[in-house]
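For reference, the chains in residue letters:
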Amino acid sequence: LELWPSLIFCALFFILRWVVNIALTPIARYLTDYKLEHEKPDFLITSDAIRQDNIRNGTFKPSKQNNQEVSASERKQILSLIDDRDQSSESKLYAYISTLQLSGAQQREIRSYVQLCKEYDTHNNKFLESTFKLLAIVPIAVYGTWVVYFKHDFFFHPWKQWINFGDDLQRWDACHPQLKDEPLTQVYDAAMYWYYVVSLGYHLNRALGQFHNPSRKDFLALLIHHWTTLGLMLCSWMGGKTRSGCIILAIHESSDIFLESAKICGYCSLYWLADFFFILFFLSWVVLRLYSFCYRLLFTIYHCGYKHFWMGDHPLIYPYVCVSMLYVLECLHIYWFRLIMKIVINKIVGKRIADIRSGEDSDSDTKHVDGGKKQN
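What this report covers is the structure whose coordinates are included nearby. Think of each chain on its own: its residues are numbered from 1, step by step along the sequence as written. Since the coordinates come from a predicted model, pLDDT governs what is reported: local features require at least 70, and pairs of side-chain atoms require 80 or more to be given and counted, while whole-chain, interface and lining totals use all residues. Neither water nor hydrogens contribute to the side-chain values; these are computed over all heavy atoms in the structure.

**Thoughts on the side chain of Gln-210**
- Following the sequence through the fold, Gln-210 ends up in the loop between helix 7 (190–209) and helix 8 (219–238).
- For Gln-210, a relative accessible area of 6% translates into the label buried.
- By the criterion applied in these results, polar contacts are pairs of N or O atoms within 3.5 Å in which, for protein atoms, one can donate a hydrogen and the other can accept it, and in which residues neighboring in sequence qualify only through two side-chain atoms. Separated by 2.9 Å, the side chain of Gln-210 and the backbone oxygen of Phe-219 make a polar contact.
- A contact between two residues is defined here by any heavy atoms of the two lying within 4.5 Å. Among all residues touching Gln-210, those that are not within four sequence positions of it are Phe-219, Leu-222, Leu-223 and His-226. Only DSSP runs of H or I covering at least 4 residues are called helices, and only runs of E covering at least 2 are called strands; the numbering of each starts at the N terminus. The classification of residues rests on relative accessible area computed with a 1.4 Å probe and restricted to protein chains. Under 20% of the type maximum is buried, over 50% is exposed, and intermediate values are partly exposed.

So, in structure tokens, the structure goes:
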């Protein structure tokens, strides 16, 4: 019952999402239109200004020697059929281009561009979703960093989560003498309480709003992640492990800032800035979710807190449920790290940074994804 204000914050986050949708939908449409104009196959571009922009951005591909020249009337007919964006027009389009003796590469570029046009609304919704997440998570992460990293120093000296306020213990072995009273209830203050409440409201909003967000291939993984996070927060609160819960939240939120920033830059066609934020996201994921999550959280739990998993000779349910959920989260971290490494490899071999979780499976030559440069 102490966490009931989180329901108010959950509702406030829904209101924030509604405000973002109302205020930024025109901007989202402008960015999508801009992207569609600059993602056109070069043989369909009629504006010299757009062609010069593509050259400056490094997305211009000179026509290959075996590419068929497209006349003005043919170009107009192709673009007209693309703009209709319905199934019958798409069939007519493919039937029409088959009569033009276009090269295989040109036909693949047209199919890829048609797929991007079909995702017009999805692209708008993704921009609005990422903007909402960034606006919501930045203040939470900043506040959580102050609480966990500076006010209580739980991150750099994680054993302090297992000692009482005011104790000055500076080495790992020092946490063992504090394991006298069973079970240990981690004392929390107002700063940690409000961090918990606001974060719980945000994650509840994410869990409930997932069904209205653009579809992604890792929908099931996200579903497990959201509800595991909620269950972990509730169990850690009821089990008296509030400090550990604050560390979990602080470890997760920093990476989200860099991820959503990279996505927004990609939607705005600021690809060099998207690359920069993606590098920060990659580094934060490795340092925080892979290294710190294991060393500063799981290791500390076993080193300092394992005796509090028992009451005499009887195991306590909440600590074991919490630890099980932590392992579920770490498995998801490894799963997503595999997807991140695919993006890194694609970037190294010259492809664009993209959200490979988005949309449906399709041929690699005709897939359009979030942000980045045209593929060769």
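**Overview of the pattern of salt bridges**
- Salt-bridge detection follows one rule: a side-chain nitrogen of Lys or Arg within 4 Å of a carboxyl oxygen of Asp or Glu. Under the definition given, this model contains five salt bridges.
- The partner of Asp-275 in a salt bridge is Lys-347, and the shortest N-O contact between them spans 3.0 Å. On the criterion of sequence distance, the pair formed by Asp-275 in helix 10 (residues 271–304) and Lys-347 in helix 11 (residues 317–348) is long-range, its members being 72 residues apart.
- One continuous salt-bridge network, built from bridges that share partners, spans Glu-129, Lys-133 and Glu-260.

**Concerning the packing of helix 1 (residues 5–38) against helix 7**
- Put simply, helix 1 and helix 7 touch, their axes get as near as 7 Å, and they point 50 degrees apart. Relative to helix 7, helix 1 is oriented oblique. Judged by the twist between their axes, the crossing of helix 1 over helix 7 is right-handed. Of the residues in helix 7, those in contact with Pro-5, Ser-6, Leu-7, Phe-9, Cys-10, Phe-13 and Phe-14 of helix 1 are Tyr-193, Trp-194, Val-197, Val-198, Leu-200, Gly-201, Tyr-202, Leu-204, Asn-205, Leu-208 and Gly-209.
- In the scheme used here, Gly and all other residues not listed as nonpolar or charged are polar, with Ala, Val, Leu, Ile, Met, Phe, Trp, Tyr, Cys and Pro taken as nonpolar and Asp, Glu, Lys and Arg as charged. Looking at the contact of helix 1 with helix 7, its residues break down into 14 nonpolar, four polar and no charged. Interaxial angles span 0 to 180 degrees and are taken between N-to-C directions of axes, which are lines fitted to C-alpha atoms, for helices over the stretch in contact. When describing relative orientation, an angle under 35 degrees is termed roughly parallel and one over 145 degrees roughly antiparallel, while 65 to 115 degrees is termed roughly perpendicular and anything else oblique. Each helix crossing is assigned a hand: it is left-handed if the near helix lies turned anticlockwise from the far helix by less than a right angle, otherwise right-handed if that turn is clockwise.

Everything listed here is a matter of coordinates, which is why it stays silent on function.
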